Amino acid sequence: MFADIALPVAVREVFTYRLPDSLAEHARPGMRAWVPLRGRMSIGMIVRIHDKTPSFSTKEVRRLLDTEPVLSSEMIELTKWMSRFYVCGQGEVIQAALPSGLNFSSRTFIKAIGEEESYSGLTKAEQELVEEVRSRERYPLAEAQQRWKSSARLISSLRKKKHIELWDEPQLDLKPKTEQAWFWKGRPVETGGADTGKASTKWEEALSQLAARNPLPATTTELTALDESFTPYTLKRLEKEGVIEKREREVPPEFQAYPYEPDSLSALNEHQEKVTDEITRQLETARYRKFLLYGITGSGKTEVYIHALKAALDAGKDALVLVPEIALTPQTVRRFYRVFGSTVAILHSRLSERERYEAWQALRRGEKRIAIGARSAIFAPLHNPGIIIIDEEHDSSYYQSDPAPRYHVREVAAVRAWKAGAVLVMGSATPGLVSLNETTSGKSTLLKLPSRHSGAMLPDVSVLNLSEYRSAMRGPLAVPLHKAVHETASRGEQAILLYNRRGFASFLQCEDCGFVVECPDCSVSLTYHKKQHHLRCHYCGFSTKVPRACPSCDSSALAMQGSGTQQIETELEGLFPELRVLRMDQDTTSRKDAHDRILSAFGRGEADMLIGTQLVAKGLDFPNVTLVGVINADTELAFPSYRSNERMFQLLSQVAGRSGRSSKKGVVYLQTMQPDHFALKFAQKHDYENFARHEMSLRKSLLYPPFSRLLNVQFRGRDAVLTRKAAEQFTEVMHQAKTEYPVLGPAPDVIERMKGEFRWVSMMKLPASIKTARIEKLCDYLLHWYDKTKPEGASTVRVTLRHEMM
């Protein structure tokens, strides 16, 4: 018997291995196997078992890593389709589909070989490394890399001299995340146990509170928030008295504490009921159908989702809800948890590896039936999916550009729903033009929610031409917006301000010679961050101290240019010292619970103003927010993309929708240097449909999606000349493919150098109706002929093909 195994390498073929008799009777597709590959051991996924003897010699499967399949036949077929459609290895897709603990992760160890005393010919550092390895049974390679600066050279030398060898083990164990907590030492003290009749000391007061409340186990943070008698001192004293002790406990799942009120389904209005009825009727047929739910901001799309999910669960089906990562707030999750409780599993990047693994396993075992998550949740192991919902379907985060697989959730969700006979619902207040175009071609059905479910009116939007307010600015705010902030605060209401650029200053420039401090590995300027007082690259993470003098001319005349959310926050705190300001961007939400803390504080009214990047534009519903201000509405237009107009309209419409969502009237101010731009004018009128018609006519004339599918080719290499030559040769092959499809390029990428690699791009515009098989054949042809004709030395240049219809 033989097993076809998908391995996590950039090879589009599966590998065939021989199954020994001891494993053949237990092996099944969907199990992971431990197999030799290129002189090392690797984890792969069995995708097929057969008895067809190959024409080449085969290696043997060493062991099976699972007792039952971790990947269903449905998901094996889906990953196979993705590998063909997105031009990548099936193993790469499977690696992305599985959580840590079930994917292809392994650990490398160093093992000493040869005679123990045969150290002749070794350097002092090599001898130290060998002795260190011999002193332990298992020596992790990662530890050696941390301890010895030149570990790569040392290990390579010792392997050649036959003193050590590397071996791998699958990483199957995931330790739960733990924290230090206080426990009773022995039996809990009963109420009144600390009463001595004397005046109580501080620690005795704390003991009384412990006895009365019995809150243990609990962390120091939890106890100090519970009662003022609990302080680090009193807790240490109670430990010394032998009452309590500190031990580790497993951190509970992030979302488990939300209230469960299964009867709290909200009543639907006329429009919501009509839309929900059409979705549930399709659910009853158990046949695939795609819906585009176009509902203005605040129209109650989430309530439609909840009613549709309940119908699916009542019919014995499972459900999947996809939300953009930045909109997957605790506020959003709480609405689903309130109705469906513990049947909900959350899958997103802020979970620990252990939490994500356990949520995935609970879904696979059928213990949970609703998966809610960001992009990668499309691979959730549902047994019987009846409905897939993509909220904010226009969001660019649904497209994974790097690493492989380079896929779009909309396309994968459509294939998964079609194979399962499920309903696909895509919702947005500003649907992507590709999705909208599908409703005219019959590929999906358009549903509408034309009014806000609360009955509130959409906010009034005013456009402020910054060129007219140059002498009437208050810091970053034009006078009308500055006045509106004062008036909003005086009424006890709240404001949200958007500035879609993080950091304090965009770049540092010498005023004498004009030199701009750039990243050494990327062709971009470094952004100044005030709190840490350093310069940081937002592309590769490089950071450095702020130089005291210009690196070019040694002048001390260095000035901060441009601005970011940190600077806006500082300026607004100076303009409105009486107001409480919160900032929400990637820097303030990097910790796991920071997102929740900021939004919860704002929701409780602990701040008057929330400033942030696009994080504040989606998924937020605060009834007391009546003012939204966009400090610079033109930021999206600065990026060279055919989608810039669409992104600008979507961002402005989404953030404007945060204002006036209750009975209080909302207002929006958009500051711009391009007041006549059509996208801004349509956003001012909340006129999505006319914006779509205008933008569609532009796209059609230029043959951009949805009127084409783009095949993008990217070239990345350390050598600038070789990278350019590889791009030129591949583009020549594209021209010689004898197709009628237009070819553009090659040209340097938008950011020509990133993470030390030079980047070039080319593009071919394919017909929108092109079939998967045709794309696959075309890509095979291009890669085959480029491989035969590529310049000498160009093997070091990575060529990536990806196609999109976003």
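Numbering of residues begins from 1 in every chain and follows the order in which that chain's sequence is written. Restriction of local features to residues with pLDDT of at least 70 applies here, the model being predicted, together with a cutoff of 80 or more for giving and counting side-chain atom pairs; totals for whole chains, interfaces and linings are based on all residues. The side-chain figures draw on all heavy atoms in the structure; neither hydrogens nor water molecules are used.

### Some points on the overall build of the protein chain
Point 1. Helix and strand assignments follow DSSP, with helices taken as H or I runs no shorter than four residues and strands as E runs no shorter than two, numbered in order from the N terminus. For the protein chain, the helix and strand inventory stands at 23 helices and 34 strands.
Point 2. By principal-axis analysis of the C-alpha atoms, the protein chain measures approximately 90 × 80 × 75 Å.
Point 3. By residue count, 53% of the 806 residues in the protein chain fall in the buried class.
Point 4. Note on contacts: a residue pair is in contact if any heavy atoms of the two residues lie within 4.5 Å. Here the analysis covers contacts within the protein chain between residues at least 6 apart in sequence; of these, 75% occur between residues at least 24 apart. Three exposure classes are used, based on accessible area relative to the maximum for each residue type with a 1.4 Å probe and protein chains only: buried under 20%, partly exposed in between, and exposed over 50%.

### Focus on helix H22 (residues 720-735)
Two residues of an α-helix separated by three or four positions point the same way, owing to the 3.6 residues in each turn.
Point 1. Here the expected span of a helix is defined as 1.5 Å times the quantity of residues minus one. Taking 1.5 Å per residue as the helical rise, H22 with its 16 residues ought to reach 22 Å, and the 23 Å between its terminal C-alpha atoms agrees with that figure.
Point 2. Every buried residue belonging to H22 is among Leu722, Thr723, Ala726, Ala727, Phe730, Thr731, Val733 and Met734, and all of these are buried. Seen from one end, H22 has its buried residues packed into an arc of 165 degrees, which puts them on one side.
Point 3. Looking at the buried residues of H22, the elements they touch are strand E31 (709-717), strand E32 (743-754), strand E33 (757-766), helix H23 (772-789) and strand E34 (798-804). In this description, the arc belongs to the directions extending from the helix axis to the C-beta atoms.

### Remarks on the confidence of the model for the protein chain
Interpretation of the predicted coordinates at a detailed level should be avoided for regions scoring low in pLDDT.
Point 1. The predictor attaches a confidence to each residue, called pLDDT, with possible values from 0 through 100. Per-residue confidence for the protein chain averages 89 on the pLDDT scale, and 95% of its residues sit at or above 70.
Point 2. Here residues 191-197 is modelled with pLDDT under 50, and outside its nearest four sequence neighbours on either side it reaches five contacts, counting other chains as well.

### Looking at the state of the cysteines
Point 1. The definition used for a disulfide is geometric: two cysteine sulfur atoms within 2.5 Å. Throughout the structure, instances matching the rule amount to zero disulfides.
Point 2. Among the cysteines around Cys550, which has no disulfide bond, Cys513 carries the closest sulfur, lying 3.7 Å off.
Point 3. Between Cys553, a cysteine without a disulfide, and Cys510, which holds the nearest cysteine sulfur, the sulfur-to-sulfur distance is 3.7 Å.

### Re the nonpolar core
The nonpolar side chains of soluble globular proteins are, as a tendency, buried together.
Point 1. Counting residues in each nonpolar core, the largest one holds 115 residues, and the members touching the most others are Met82, Leu320, Leu322 and Leu610.
Point 2. If near-sequence neighbours (up to four positions away) are discounted, Met82 is found in contact with Val87, Cys88, Val93, Phe379, Pro405, Tyr407 and Val412.
Point 3. Only buried residues count toward a nonpolar core, which is a set of Ala, Val, Leu, Ile, Met, Phe, Trp, Tyr and Cys residues joined through side-chain atoms within 4.5 Å. Listed in part, the 32 residues of the second largest apolar core include Phe291, Val304, Leu309 and Ile370.

### A short note on helix H3 (residues 90-97)
Point 1. The element H3 is extensively covered by neighbouring structure, given that six of its eight residues are classed as buried.
Point 2. The secondary structure elements touched by the buried residues of H3 are strand E1 (2-6), strand E4 (40-50), helix H2 (73-85) and helix H13 (353-364).

### Some points on the side chain of Asp318
Point 1. Relative to the helices and strands, Asp318 is located in strand E12 (residues 318-322).
Point 2. With a relative accessible area of 8%, Asp318 lands in the buried category.
Point 3. Apart from the residues lying within four places of it in its own chain, the contact partners of Asp318 are Arg369, Leu382, His383, Asn384, Pro385, Gly386 and Ile387.

### Focus on the environment of Ser72
Point 1. Looking at where Ser72 falls in the secondary structure, it is placed in the loop between strand E5 (63-64) and H2.
Point 2. As for Ser72 and Arg364, which are separated by 292 residues in sequence, their C-alpha atoms are 9.3 Å apart.

### Observations regarding the pairing of E33
Looking along a regular strand, one sees the side chains alternate between the two faces of the sheet.
Point 1. Counting buried positions along E33 gives eight out of 10 residues, so the element sits mostly inside the fold.
Point 2. When DSSP finds two or more bridges between a pair of strands, those strands are recorded as paired. The pairing of E31 with E33 spans nine bridges and is classified as antiparallel. Within E33, the residue paired with Leu710 across the bridge is Lys765.
Point 3. Here six bridges tie E32 to E33, and the two strands are oriented antiparallel to one another. Across the sheet, the residue bridging to Met754 is Glu757, located in E33.
Point 4. Between E32 and E33, which pair antiparallel and follow one another directly, the connecting turn spans two residues, one of which, Lys755, has a positive phi of 55 degrees.

### Some points on the pattern of salt bridges
Point 1. Definition used for salt bridges: Asp or Glu carboxyl oxygen within 4 Å of a side-chain nitrogen of Lys or Arg. In the structure shown here, the tally under the stated rule is 44 salt bridges.
Point 2. The salt bridge involving Lys161 is made with Glu126; its shortest N-O contact spans 3.1 Å. Pair noted here: Lys161 is in the loop between helix H6 (151-160) and strand E8 (164-170) and Glu126 is in helix H4 (residues 124-134), with a separation of 35 residues, a long-range link.
Point 3. Ionic pairing is found between Glu393 and Arg410, a salt bridge with its closest N-O pair at 3.1 Å. Of this pair, Glu393 sits in the loop between strand E15 (385-391) and helix H14 (409-420) while Arg410 sits in helix H14, and the two are 17 residues apart along the sequence.
Point 4. The network of salt bridges with shared partners includes Arg12, Arg84, Glu776 and Asp780.

### A short note on the packing of aromatic side chains
Point 1. A pair of Phe, Tyr and Trp rings is counted when the ring centres sit within 6.5 Å of each other, with Trp represented by its six-membered ring. The angle between the planes then sorts it: under 30 degrees is stacked, over 60 is edge-to-face, the rest tilted. The full count for this structure, using the stated rule, is 14 aromatic pairs.
Point 2. Summarising the aromatic geometry, the rings of Phe715 and Phe730 are spaced 5.6 Å apart at their centres and angled 65 degrees between planes, so their arrangement reads as edge-to-face. One end of the pair, Phe715, is in strand E31; the other, Phe730, is in helix H22, and 15 residues separate them in sequence. For the pair Phe715 and Phe730, a shared accessibility class is recorded, and that class is buried.
Point 3. Members of the aromatic cluster, connected to one another through ring pairs, are Tyr294, Phe649, Phe678, Phe682, Tyr688 and Phe691.
Point 4. Sitting over the ring of Phe758, Arg753 keeps its end group 5.5 Å from the ring centre. We count a charge as sitting over a ring when the NZ of a lysine or the CZ of an arginine lies within 6 Å of the ring centre and within 35 degrees of the ring normal.

### Comments concerning the sheet that holds strand E21 (residues 494-498)
Point 1. Sheet architecture is open: six strands sit in the order E18-E30-E29-E21-E28-E27, paired in parallel fashion. The strands lining the two open edges of the sheet, one partner per strand, are strand E18 (460-465) and strand E27 (581-584). Between one strand and the next, the sheet's axes are offset by a mean angle of 15 degrees, whatever the strand orientation.
Point 2. As defined by bridge partners, E21 adjoins strand E29 (residues 625-630) across five bridges and the pair is classed as parallel. Fitted lines through C-alpha atoms give the axes, limited to the stretch in contact for helices. The angle between two N-to-C directions lies from 0 to 180 degrees.

### Observations regarding the packing of H2 against H23
In a packed pair of helices, the relevant descriptors are the angle between the two axes and the axis-to-axis distance.
Point 1. Running from N to C, H2 and H23 cross one another at 50 degrees; their axes reach a closest spacing of 9 Å. Here H2 is positioned oblique relative to H23, judged by the angle of their axes. Residues Trp81, Arg84 and Phe85 of H2 form the contact with H23, whose own contacting residues are Thr772, Ala773, Ile775 and Glu776.
Point 2. Amino acids outside the nonpolar list (Ala, Val, Leu, Ile, Met, Phe, Trp, Tyr, Cys, Pro) and the charged list (Asp, Glu, Lys, Arg) are all regarded as polar, and Gly is one of them. Tallied by class, residues from the contact of H2 with H23 come to four nonpolar, one polar and two charged. What sets the label is the angle itself: under 35 degrees gives roughly parallel, over 145 gives roughly antiparallel, 65 to 115 gives roughly perpendicular, and the rest give oblique.

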